[in-house]
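The primary structure of each chain is shown beneath.
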Amino acid sequence: MCEAAPLQYPEETVARLEMLWGKGFMSVGGPEEVSAILDGVNLKNLNVLDIGCGIGGVDFLLVSEHGAASVLGLDVEPHLLELGRERAATAGLSDQVTFLLCASPPYPLGDRSFDVVFSKGAILHIPDKALLFYDAARILKPGGLFIASDWLRGGASIGDIKIENFGASGIILEATPPHEMEKAMRDAGFTSIVMTDQTDRYLDGARRDLEKMKGPLRDLAQKMLGAEGYEDWIALQVGTVERLAARSVQPTHIRATRG
Ligand SMILES: C[S@@+](CC[C@H](N)C(=O)[O-])C[C@H]1O[C@@H](n2cnc3c(N)ncnc32)[C@H](O)[C@@H]1O
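Residues numbered from 1 in each chain as written. Predicted model: local features only at pLDDT ≥ 70, side-chain atom pairs only at ≥ 80, totals over all residues. Heavy atoms only, no water.

Quick one: what's the story with the sheet that holds strand S2 (residues 70-75), residue by residue and with numbers?
Read from one edge to the other, the open sheet built from seven strands follows the order S3-S2-S1-S4-S5-S7-S6, with strand pairing classed as mixed. Sheet topology places strand S3 (97-101) and strand S6 (190-197) at the edges, where each strand pairs with a single neighbour. The average undirected angle you get between the axes of adjacent strands in this sheet is 15°. Alignment of strand S1 (residues 47-51) against S2, held across five bridges, turns out to be parallel. Paired with Leu-49 across the two strands is Leu-72, which belongs to S2. Against the sheet, helix H4 (residues 78-90) engages S2 and S3, with an angle of about 165° to S3. (Pairing = 2+ DSSP bridges. Helix = DSSP H or I, 4+ residues; strand = E, 2+ residues; numbered from the N terminus. Axes fitted to C-alpha atoms, helices over the stretch in contact; angles between N-to-C directions. Contact = heavy atoms within 4.5 Å.)

Break down the packing of aromatic side chains for me, citing the residues and quoting the values.
The tally for this structure, following the rule as stated, stands at five aromatic pairs. For the pair Phe-60 and Phe-99, a centre-to-centre distance of 6.5 Å together with 85° between the ring planes defines the contact as edge-to-face. Of this pair, Phe-60 sits in helix H3 (residues 57-64) while Phe-99 is found in strand S3, placing the two residues 39 residues apart along the sequence. The buried category is assigned to Phe-99, whose relative accessible area is 9%. Both rings, one in Trp-151 and one in Tyr-202, keep their centres 5.5 Å apart while their planes meet at 80°; by these two values the pair is edge-to-face. In this pair, Trp-151 is assigned in strand S5 (residues 140-153) and Tyr-202 in helix H7 (residues 199-214), connecting sequence segments 51 residues apart. Across the pair, Tyr-202 and Trp-151 agree in class, each one buried. Each member of the aromatic cluster is reached from another via a ring pair, and the members are Phe-133, Phe-146 and Phe-190. (Phe/Tyr/Trp six-rings, centres within 6.5 Å; stacked < 30°, edge-to-face > 60°. Buried < 20%, exposed > 50% of the residue type's maximum accessible area, 1.4 Å probe, protein only.)

Describe in detail the pairing of S2, supporting the description with residues and values.
Among the six residues in S2, five count as buried, and that is most of the element. Chirality of the crossover, the property in question, places the unit of S1, H3 and S2 among those that are right-handed. Bridge count between S2 and S3: five bridges; the pairing is parallel. Across the sheet, Asp-75 pairs through a bridge with Leu-101, a residue of S3. Read as a crossover between parallel neighbours, the route from S2 over H4 to S3 is right-handed. (Right-handed = clockwise from strand over helix to strand, strands pointing away.)

Give a detailed account of the site of the ligand, specifying residues and quantitative values.
Every one of the 20 residues lining the ligand counts as a neighbour, but Met-26, Ser-27, Gly-52, Asp-75 and Ala-103 are closest to it. Taking Ser-27, its side chain carries an N or O atom lying 2.5 Å from an oxygen atom of the ligand. Across the shell around the ligand, the residue classes break down as 10 nonpolar, seven polar and three charged. (Near = heavy atom within 4 Å. Polar contact = N/O pair within 3.5 Å; in protein donor to acceptor, adjacent residues only side chain to side chain. Nonpolar A, V, L, I, M, F, W, Y, C, P; charged D, E, K, R; others polar.)

I'd like a description of helix H8 (residues 218-246), backed by residues and values.
Because the α-helix completes a turn every 3.6 residues, residues three or four places apart line up on one side. Taking 1.5 Å per residue, 29 residues should reach 42 Å; H8 reaches only 27 Å between its end C-alpha atoms and comes up short. At Gly-226, H8 is bent by approximately 115°, the largest bend along its length. The set of residues buried in H8 consists of Ala-221, Leu-225, Tyr-230, Trp-233, Ile-234, Leu-236, Gln-237, Gly-239, Thr-240, Val-241, Arg-243 and Leu-244. Residues of H8 that are buried make contact with helix H1 (11-21), S5, H7 and strand S7 (249-258). Of the residues one or two after H8, Arg-247 is the one with positive phi, at around 60°. (Expected span 1.5 Å × (residues − 1). Bend = angle between axes of the 7 residues up to and from the residue.)

Requested: an account of the pattern of salt bridges, with residues and values cited.
Enumeration over the complete set of coordinates arrives at eight salt bridges. Arg-85 is the partner of Glu-82 in a salt bridge, and the nearest nitrogen-oxygen pair spans 3.6 Å. In this pair, Glu-82 and Arg-85 both sit in helix H4, three residues apart, roughly one turn of the helix. Under the relative-accessibility criterion, Glu-82 is labelled partly exposed at 41%. For Arg-85, a relative accessible area of 35% gives the class partly exposed. Here Arg-247 makes a salt bridge to Asp-200, at a shortest N to O gap of 2.4 Å. With Arg-247 in the loop between H8 and S7 and Asp-200 in helix H7, the pair connects residues that are 47 residues apart, well separated along the chain. Through salt bridges that share partners, Asp-111, Asp-135 and Arg-138 make up one connected network. (Salt bridge = Lys/Arg side-chain N within 4 Å of Asp/Glu carboxyl O.)

Quick one: what's the story with the packing of H7 against H8, residue by residue and with numbers?
Viewed as axis vectors pointing N to C, H7 and H8 meet at an angle of 155°, and their least axial separation amounts to 9 Å. On the basis of their axis angle, the class for H7 and H8 is roughly antiparallel. Between H7 and H8 lies a crossing of left-handed hand. In this structure, H7 uses Thr-199, Tyr-202, Leu-203, Ala-206, Arg-207, Asp-209, Leu-210, Lys-212, Met-213 and Lys-214 to contact H8, whose residues at the interface are Arg-218, Tyr-230, Trp-233, Ile-234, Gln-237, Val-238, Thr-240, Val-241, Leu-244 and Ala-245. When its residues are assigned to classes, the contact of H7 with H8 shows 12 nonpolar, three polar and five charged. (Parallel < 35°, antiparallel > 145°, perpendicular 65-115°, else oblique. Left-handed = near helix turned anticlockwise from the far one by under 90°.)

This is how it looks when you write it as structure tokens:
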């Protein structure tokens, strides 16, 4: 279904995320985390689909630093894709990095049309994981790779994971337990599924981010967000640290091969 979805990432949220993780990056860790997700994977000459691409910072990096031949970024929010297109043009990458508005699978993309399906920090927003993986398997060439990083439900989760102060009303958070995610992938025909728990790394990173927000980023953030917005941002990050420490969420790197 390729229509815009209700706004989850307004401009001020994007500005806040970029302040923390760098220009173009809307999820934890920025370029270093992209390298960690891709550790040992060579994207040279491969065509990549990025599900939940945001404003495309990851996609520019996949082409310029990781050798991808092309990246198609798919997202639900038109204003994010518009910014991505502008930045692709400025960077001279419009031929290699393109964007598509689409809310939910099945996506209007051909069978066996991509070498790699990538996703960073976006799968938890997509409720129907079975359909997502089924469609990813359809789109991938045989032997193609699924590579992602996502927030799964941790072993200590009770009930829904609610995130206050995100800055976007009605945000969809459908974190899945690892075994359910793995089953959805297996049922869709993926093999060699490897899921690596990143909670300890993310907890260290979230604590470092909190210190940055209270220290070097404080003045800029207060100017950008106002006093109340700044306090909300700090509260959001404190919540992230607490959820990671309690293991109610489980950031996970995921790899699989389309059989
Ligand atoms: C945390 S951001 C990550 C963006 C990007 N991957 C990055 O790392 O910079 C999550 C992204 O998922 C997108 N998203 C939310 N629901 C989606 C859906 N149903 N299909 C595709 N993307 C979606 C949001 O618009 C947002 O851009």
